[in-house]
Amino acid sequence: MSLDKPRELEYSLAINEALHQMMNENRSILLMGQGVKSPWYVGNTCNGLVEKFGEKRVIDTPVSENAMTGMAIGASIAGYPSIVVHPRMDFMLYAFDPIINQAANWFYMSGGKVSVPVVFWGIINRGGEQAAQHSQALHGLFAHIPGLKVVMPSTPYDAKGLMISAVLDPNPVVFIDERLLYSNKGVVPTELYSVPIGKAAVRKKGKDITIISVSYSAFLVEKVTPKLIENGIDAEVIDLRSIKPLDTNTILKSVKKTGRVIIIDVGWKSFGISAEISARIAESGINLKSPIKRLALPDTPAPASRTLEAAYYLNEKKIYESICKIFKKGSS
Amino acid sequence: MKISYKKKELLNLYKQMVLIRRTEESFVEPILNGRIKCPVHLYSGEEAVAVGFSAYLKKEDVFFGNHRSHGHYIVKGGNLEAMVAEIYCKEDGCAGGRGGSMHIIDKSVGMLGAAPIVAGTISLTLGAALGFKYEKKKNVAVAFFGDGGTGEGVLFESINFAALRKLPIIFSCENNYYSTHLPIRETRPNYPVYKIGRAFGIKSFQVDGNDILKTTAVCEKAISTCRKGEGPVFIEFKTYRLRGHVGPSDNIQGTQTDIRPIQEIEKWKKKDPIKRLERYMLKNRICEQKELLNISKKVESQVFAAHQKAQISNFPKGEEVEYYVFR
């Protein structure tokens, strides 16, 4: 590889590299979940892992989300930090007891003596006419729970760095990635590195409005910003990367500077992260030039039909128009 | 059961059962007078189950318990003073007053945890067993749950996977015939609990859970099976709690939910595991009444001291409520 051309990697392969390097680094780490041997389930995020580390460490499990998630927690408590993957995060609902009642509370319940270094890895599968039980983005639910950290990378660099941080973290971390981002390419260093949990990234500096994005919405916003510039709007773009802990400082600093804010979530609007961020901005007492704007999914289950999906999901056009409207500018 | 035990071994089993009984009974008064407020599920009557594991257990073996787990912790070598203080929800408790009676967690002795979500720790036990198997360690992980736990799907998921991977885990069902207030005939078809294990092709036993000689023998068999890599094992211990589901009596603490017939309770009192061992040892002239009394006296003062210490310990400070959310 030449020095002047940094290595690029797909988002899914960045996760794959993180898993290879971490499992290589620490032979106590176990990976389990449905479909770890099957790209149909997990894309190419688990390529070569079984071959390299064997079926005792990389375990393709029966469809038993509750027990398999609990098993990952028990292994982590016993000294084997585990990653449990849910290739469609909708199935994680079967595992709410181990995730929420057990793992999230364990450190507290033990008076700070026993922490659970487990990673709950859930993949969002939005779109593709998969309907209400194969497309949900449940980060808001998990973020509500004390004791859980929640991360959602949007770039290949962050996907690798946050997976590494999640595995190294002594606490339970919910790592949520997005199937639609899997083929996106970006610069990914070959060595082990970590992206700090709880630190947002400012993707672009600007003075007119703060755009707060996360996961897939960060990807969409990146495409929208050049058009905003053409329309005379100089936006500051924040990619949250971590939902919990939320990087309130970075958000407030930016909003104070721009005086305007739009929050673009990939989950539902009510009681979700856009509501939480709005509340924190409101509580801070920052004077805004225009009311807080939220763009999120309607409070509706995910539909199947492509026409309904088009109405349901966010896209570049919806984001662009919403921002132009804040400035009372045309968006044609 | 034709296993012969030496006097020392029998007295040790006796001592552990008495320690659990005296400890459990010592909570009655402070619960009734309000010094202990957190829900306390007493193990009185079921001691021979936990103690049955004691003779063949190694320090590196692990337990996961449930809401009724004081006995499990004591058998695992737990710190009595720390447990009693925890039940008072004091700062010196094993969880600093954050867990209370239902979360007896002490990794230092292999009590990896206890939690009152019924059957919730069974899958956690599976994880510990998976680790042992992966590292080729000859250790055993024991999951304790009750007959109520057999209603939870996670038990079946866990047995399936344990059987699939031949994990060194013992599914230890303490069948006390009541799922809180509800008799077993109202929660399960009339079919033996231990046969749940057979459906997955694993070694499964049913045993009189109030006979310490029998529980010890079956635990020996289960533990050695797991150490040889031939686990998992399912054991149904038929036993009975002499106290309420929670606290000394469900009928005097605000509700009238203990509907167990007096005759049934009396029948089980006759099968008290401690009295049975006493009778066995005296009848076979293994020891004298005086020796047993001495053991009880020693245990009494140990328990008394733990209460005294717990009562003068401080409650955790209010300003520390947000400690220990994350490490």
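Throughout, residues of each chain are indexed from 1 in the direction in which the sequence is written. Each chain gets a letter, beginning with A, and each ligand a number, beginning with 1, in the order they are written. In keeping with the model being predicted, local features are shown solely for residues with a pLDDT of at least 70 and side-chain atom pairs are shown and tallied solely at 80 or more, while totals for entire chains, interfaces and linings include all residues. Neither water nor hydrogens contribute to the side-chain values; these are computed over all heavy atoms in the structure.

Peer 1: Is there a simple way to explain the overall build of chain B in this structure?
Peer 2: Put simply, DSSP marks the helices as runs of H or I at least four residues long and the strands as runs of E at least two long, and each gets a number from the N terminus on. When helices and strands are tallied, chain B shows 12 helices and 8 strands. C-alpha atoms define the radius of gyration in this analysis, and the globule rule sets the expected value at 2.2 Å times the number of residues to the power 0.38. Since a compact globule built from 327 residues should have a radius of gyration of about 20 Å, the 19 Å found for chain B is in line with a globular shape. Its C-alpha atoms give chain B principal-axis dimensions of about 55 × 50 × 40 Å. Here's how the labels work: a residue is buried when its accessible area is under 20% of the maximum for its type, exposed when over 50%, partly exposed in between, all with a 1.4 Å probe on protein chains only. Counting all 327 residues of chain B, 57% fall into the buried class. If you take every contact in chain B between residues at least 6 apart in sequence, the share linking residues at least 24 apart comes to 74%. By the convention used here, residues are in contact when the closest approach between their heavy atoms is within 4.5 Å.

Peer 1: Honestly, the domain arrangement of chain A in this entry has me stumped. Any pointers?
Peer 2: Size of an interface, as often reported, equals the accessible area lost when the parts are brought together. Residues and elements named next belong to chain A. Boundaries of every domain are those given by an automatic assignment or by a domain database. Assigned domains of chain A: these are domain 1 (8–187) and domain 2 (201–326). The centre of domain 1, based on its C-alpha atoms, is set 26 Å off from the matching centre of domain 2. Take the accessible area each of two parts loses on contact, using a 1.4 Å probe, and add the two losses: that sum is the buried area. Together domain 1 and domain 2 conceal approximately 2,100 Å² of surface at their shared face, both sides included; 57% is due to carbon and sulfur atoms. Sorting the residues of domain 1 by area buried against domain 2 places R126, E129 and M152 first, and these three jointly supply 27% of that buried surface. Criterion for a salt bridge: a side-chain nitrogen of Lys or Arg within 4 Å of a carboxyl oxygen of Asp or Glu. In this structure, the connection of domain 1 to domain 2 is made through 3 salt bridges.

Peer 1: How do you make sense of the sheet that holds strand 4 (residues 82–86) of chain A when you look at a structure like this?
Peer 2: The strands making up a sheet are joined through hydrogen bonds of the backbone, oriented either antiparallel or parallel. All names here are of chain A. Any two strands between which DSSP finds at least two bridges are classified as paired. Pairing is mixed across the open sheet formed by 7 strands, whose spatial order is 3-2-4-5-7-6-12. Of all the strands in the sheet, just strand 3 (58–60) and strand 12 (242–244) have a single pairing partner and so form its edges. Taken pair by pair, the neighbouring strands of this sheet meet at an average axis angle of 20°, ignoring direction. In this sheet, strand 7 (residues 173–178) lies alongside strand 6 (residues 149–151) in parallel orientation, the contact comprising 3 bridges. From the neighbouring strand, V151 faces strand 7, where its bridge partner is F175. The convention used is that axes are lines fitted to C-alpha atoms, helices contributing only their stretch in contact, and that angles between N-to-C directions extend from 0 to 180 degrees.

Peer 1: I keep staring at the sheet that holds strand 13 (residues 261–268) of chain A and nothing clicks. Help me out?
Peer 2: Residue and element names in this part refer to chain A. Taken in spatial order, the 5 strands make up an open sheet running 9-11-10-13-14, and their pairing is mixed. Whereas interior strands pair on both sides, the edge strands pair on one side only; in this sheet they are strand 9 (201–204) and strand 14 (293–297). Between one strand axis and the next, the sheet turns by 20° as a mean value, whatever way the strands run. Of the strand pairs in this sheet, strand 10 (residues 209–213) and strand 11 (residues 235–239) are connected by 5 bridges, and their pairing is parallel. The residue bridging I212 from the neighbouring strand is I238, located in strand 11. Sheet strands touched by helix 10 (residues 273–284): strand 10, strand 13 and strand 14. Its angle to strand 13, the strand with the most contacts, is close to 150°.

Peer 1: Would you mind going over the environment of S179 of chain B with me for this structure?
Peer 2: Its place among the elements puts S179 of chain B in strand 5 (residues 178–179). Those residues in contact with S179 of chain B, other than ones at most four positions away along the chain, are D147, G148 and T187 of chain B.

Peer 1: Just to check I follow, could you spell out the nonpolar core for this structure?
Peer 2: In summary, soluble globular proteins display a tendency toward joint burial of nonpolar side chains. Think of a nonpolar core as a cluster: buried Ala, Val, Leu, Ile, Met, Phe, Trp, Tyr and Cys residues, connected wherever their side-chain atoms sit within 4.5 Å. In terms of nonpolar packing, the biggest core is built from 143 residues, with W106, F120, W121, I211 and L240 of chain A together with F171 and F234 of chain B touching the most fellow members. The biggest single contributor to this core is helix 6 (residues 122–134) of chain B, with 8 residues. If you count residues domain by domain, this core takes at least three from each of domain 1 (8–187) and domain 2 (201–326) of chain A. Apart from residues no more than four positions distant in its own chain, F234 of chain B is found in contact with F145, I159, F171, C173, V193, Y194, I196, G197, I202, K203, S204 and F205 of chain B. Core analysis: the second largest hydrophobic core is formed by 66 residues, Y43, I170, I212 and C219 of chain B among them.

Peer 1: Teacher, can you tell me more about the packing of aromatic side chains here?
Peer 2: Pairs of aromatic rings are described using the distance from one ring centre to the other and the angle between the two planes. Aromatic rings from Phe, Tyr and Trp, taking only the six-membered ring of Trp, are treated as a pair when their centres fall within 6.5 Å; an angle between ring planes under 30 degrees marks them as stacked, one over 60 as edge-to-face, and anything in between as tilted. Enumeration over the complete set of coordinates arrives at 19 aromatic pairs over all chains. Consider the rings of F53 of chain B and F144 of chain B, whose centres lie 5.4 Å apart with planes at 80°: the pair is edge-to-face. With F53 of chain B in helix 3 (residues 47–54) and F144 of chain B in strand 3 (residues 141–146), this pair connects stretches of sequence that are 91 residues apart. When sorted by exposure, F53 of chain B lands in the same class as F144 of chain B, which is buried. Both rings, one in F63 of chain B and one in F144 of chain B, keep their centres 4.9 Å apart while their planes meet at 80°; by these two values the pair is edge-to-face. Of the two residues, F63 of chain B is situated in strand 1 (residues 62–65) and F144 of chain B in strand 3; the sequence distance between them amounts to 81 residues. Each member of the pair, F63 of chain B as well as F144 of chain B, carries the same accessibility label: buried. Counting every residue linked through ring pairs, the aromatic cluster contains F53, F63, F144 and F237 of chain B. The aromatic ring of F326 of chain B is capped on one face by K149 of chain A, whose charged end is 5.3 Å from the ring centroid. Sitting over the ring of W268 of chain B, K271 of chain B keeps its end group 4.1 Å from the ring centre. Only when the NZ of Lys or the CZ of Arg is both within 6 Å of the ring centre and within 35 degrees of the ring normal is a charge said to sit over the ring.

Peer 1: Explain the interface of chain B and chain A to me, please; I cannot follow it from the model alone.
Peer 2: Of the residues lining the interface, 40 residues belong to chain B; the matching set on chain A comes to 42 residues. Summing both partners gives a buried area of about 3,600 Å² for chain B against chain A, and 65% of it is carried by carbon and sulfur. Counting across the chain B and chain A interface gives 1 salt bridge. With its nearest N and O atoms 3.2 Å apart, the salt bridge here joins E135 of chain B to R27 of chain A. Whenever two N or O atoms come within 3.5 Å, that pair is a polar contact, provided that in protein one can donate a hydrogen and the other can accept it, and provided that, for residues adjacent in sequence, both atoms are side-chain atoms. In this structure, the connection of chain B to chain A is made through 17 residue pairs in polar contact (both at pLDDT 80 or more). For the side of chain B that touches chain A, the element with the most residues is helix 6 of chain B, which contributes 10 residues. Of the residues in the side of chain B that touches chain A, the class split is 22 nonpolar, 10 polar and 8 charged. In this classification, the charged set is Asp, Glu, Lys and Arg, the nonpolar set is Ala, Val, Leu, Ile, Met, Phe, Trp, Tyr, Cys and Pro, and all remaining amino acids, among them Gly, are polar.

Peer 1: Looking at this model, I keep getting lost on the pattern of salt bridges. Mind explaining?
Peer 2: All names here are of chain A. All chains considered together, the criterion is met by 32 salt bridges over all chains. Residues K257 and E236 are paired through a salt bridge, measuring 2.5 Å at the closest nitrogen-oxygen approach. Remark: E236 occurs in strand 11 and K257 occurs in helix 9 (residues 248–258); sequence separation between them is 21 residues. With relative accessibility at 43%, the residue K257 sits in the partly exposed group. What you see here is one network of salt bridges that share partners, running through D158, R203, D239 and R241.

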